[in-house]
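Each chain, letter by letter, is given below.
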Amino acid sequence: SIIDAITRPAEAKPWHEYRQIFMTEARIAGGAEFWRANQSLVERISESLAVEPEIILAIVGVETNYGTITGSFRVIDALATLGFYYPRRAEFFARELAEFMRLSNEENLPVTEVLGSYAGAMGIGQFIPSSYRAYAVDFDDSGYRDLWRSLPDALGSVANYLAVHGWEAGAPIVLPVAQVPDGLDEDFSTRLRHTLGELEALGIEFDAGGLPAETPATLVELEQVDGKEYWVGLNNFYVITRYNRSPLYAMAVTQLSEAIAARAP
């Protein structure tokens, strides 16, 4: 079942189907309610780590529906299965299995009882073991980094992950594209391989909103029911893809964050 799950990830869907999973009234309202219920904590983490509250909430909203679905697979089963029986990424998951063993010692986790996703991601923010070890924080000063039962640790760790990877507070994430030229030959990497000036020189039409021409950027292509949709991704878009490399994921987080912010406390 673990192999079956990893061979059909949600990110393989076209954008118009993927978006429907997360941009629902229940998920938006749930984010606003979660914010209201934890307003002091969320805003303290936001101020401490310079990451907007709605972005933190959107990530946990997409990852686990605000902590309600954190995974039912034993993490050791997921990582051992993928490390030994999934050749395409076996090396990566074998390393994560070793990281999980180290993590279990460091955080006093019962190695055969910890539950997570089919890919071995854990907690409210779904951290893989190497990310848990590198970026999780003990925000409640308990002596342990508990990403399941401690909201301060879980939300603080999401914010810390983004901050360490270069989040720019207050900066835009994407810019809408009005038009792209016919026959555009583009790789659509999430890496910021262009500047805004270079994209304009390619004939791509968008409003830069006063950003300098040398601002790093990339072109994002999404599949709608009636054709392609384009956006210019900026630094913060790239930072979100460090959490999950799919541009669909980054756009879902972006749009969910905007919808949650519109109902902010």
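Refer to the structure presented above.
> Account for the overall build of the chain, with residues named and values stated.
A tally of regular secondary structure across the chain gives 12 helices and 7 strands. In summary, the chain has a C-alpha radius of gyration of 19 Å against a globular reference of 18 Å for 265 residues, a match within 12%. Reported as C-alpha extents along the three principal axes, the dimensions of the chain are approximately 55 × 45 × 35 Å. Across the chain, contacts joining residues at least 24 apart in sequence account for 66% of those joining residues at least 6 apart. About 12,400 Å² of surface is accessible on the chain, with carbon and sulfur atoms providing 49% of the total. Mean positive and mean negative side-chain charge positions of the chain (20 and 37 charges, respectively) differ by 7 Å.

> Go over the sheet that holds strand E4 (residues 194–195), please, and point to the residues and values.
A sheet is described by the order of its strands in space; here 5 strands give the open sequence E4-E6-E7-E3-E5, paired in antiparallel fashion. Every other strand in the sheet has two partners, leaving E4 and strand E5 (205–206) as the edge strands with one partner each. Bridging between strand E3 (residues 174–179) and strand E7 (residues 227–233) involves 3 bridges; their strand directions are antiparallel. Along E7, the bridge assignment pairs Val 174 with Gly 233.

> An account of the layout of surface pockets is needed here, citing residue identities and associated values.
In this model, the largest pocket occupies a volume close to 1,500 Å³. Around the largest pocket, the lining is made up of 39 residues, and of these Glu 11, Glu 63, Tyr 118, Ala 119 and Asn 244 lie nearest the centre. Of the residues belonging to the lining of the largest pocket, the class tally is 21 nonpolar, 10 polar and 8 charged. Of the volumes computed, that of the second largest pocket is approximately 210 Å³. In terms of lining residues, the second largest pocket is bounded by Glu 107, Asn 108, Leu 109, Pro 110, Val 114, Leu 115, Tyr 144, Arg 145, Asp 146, Trp 148 and Arg 149. Residue classes in the lining of the second largest pocket are distributed as 6 nonpolar, 1 polar and 4 charged.

> Describe the packing of helix H3 (residues 25–37) against helix H12 (residues 247–261), and please don't skip the residues or the numbers.
Between H3 and H12, whose axes approach to 9 Å, the crossing angle comes to 60°. Judged by the inter-axis angle, H3 sits oblique to H12. Crossing of H3 against H12: the hand is right-handed. Contacts between H3 and H12 involve Arg 27, Ile 28, Gly 31, Ala 32 and Trp 35 from the first element and Leu 256, Ala 259, Ile 260 and Ala 261 from the second. Here the residues of the contact of H3 with H12 are counted per class, giving 7 nonpolar, 1 polar and 1 charged.

Definitions and cut-offs
- Residues numbered from 1 in each chain as written.
- Predicted model: local features only at pLDDT ≥ 70, side-chain atom pairs only at ≥ 80, totals over all residues.
- Heavy atoms only, no water.
- Helix = DSSP H or I, 4+ residues; strand = E, 2+ residues; numbered from the N terminus.
- Rg over C-alpha atoms; globule rule 2.2 N^0.38 Å.
- Contact = heavy atoms within 4.5 Å.
- Areas by Shrake-Rupley, 256 points an atom, 1.4 Å probe, with all protein chains shown as cover.
- Lys, Arg positive; Asp, Glu negative; His and termini not counted.
- Charge placed at Lys NZ, Arg CZ, Asp CG, Glu CD.
- Pairing = 2+ DSSP bridges.
- 1 Å grid on protein atoms, 1.4 Å probe; cavity = no way out; pocket = protein on both sides within 12 Å on 5 of 7 lines; lining within 4 Å.
- Points joined across faces, edges and corners; volume = space filled by probe spheres on them.
- Nonpolar A, V, L, I, M, F, W, Y, C, P; charged D, E, K, R; others polar.
- Axes fitted to C-alpha atoms, helices over the stretch in contact; angles between N-to-C directions.
- Parallel < 35°, antiparallel > 145°, perpendicular 65-115°, else oblique.
- Left-handed = near helix turned anticlockwise from the far one by under 90°.

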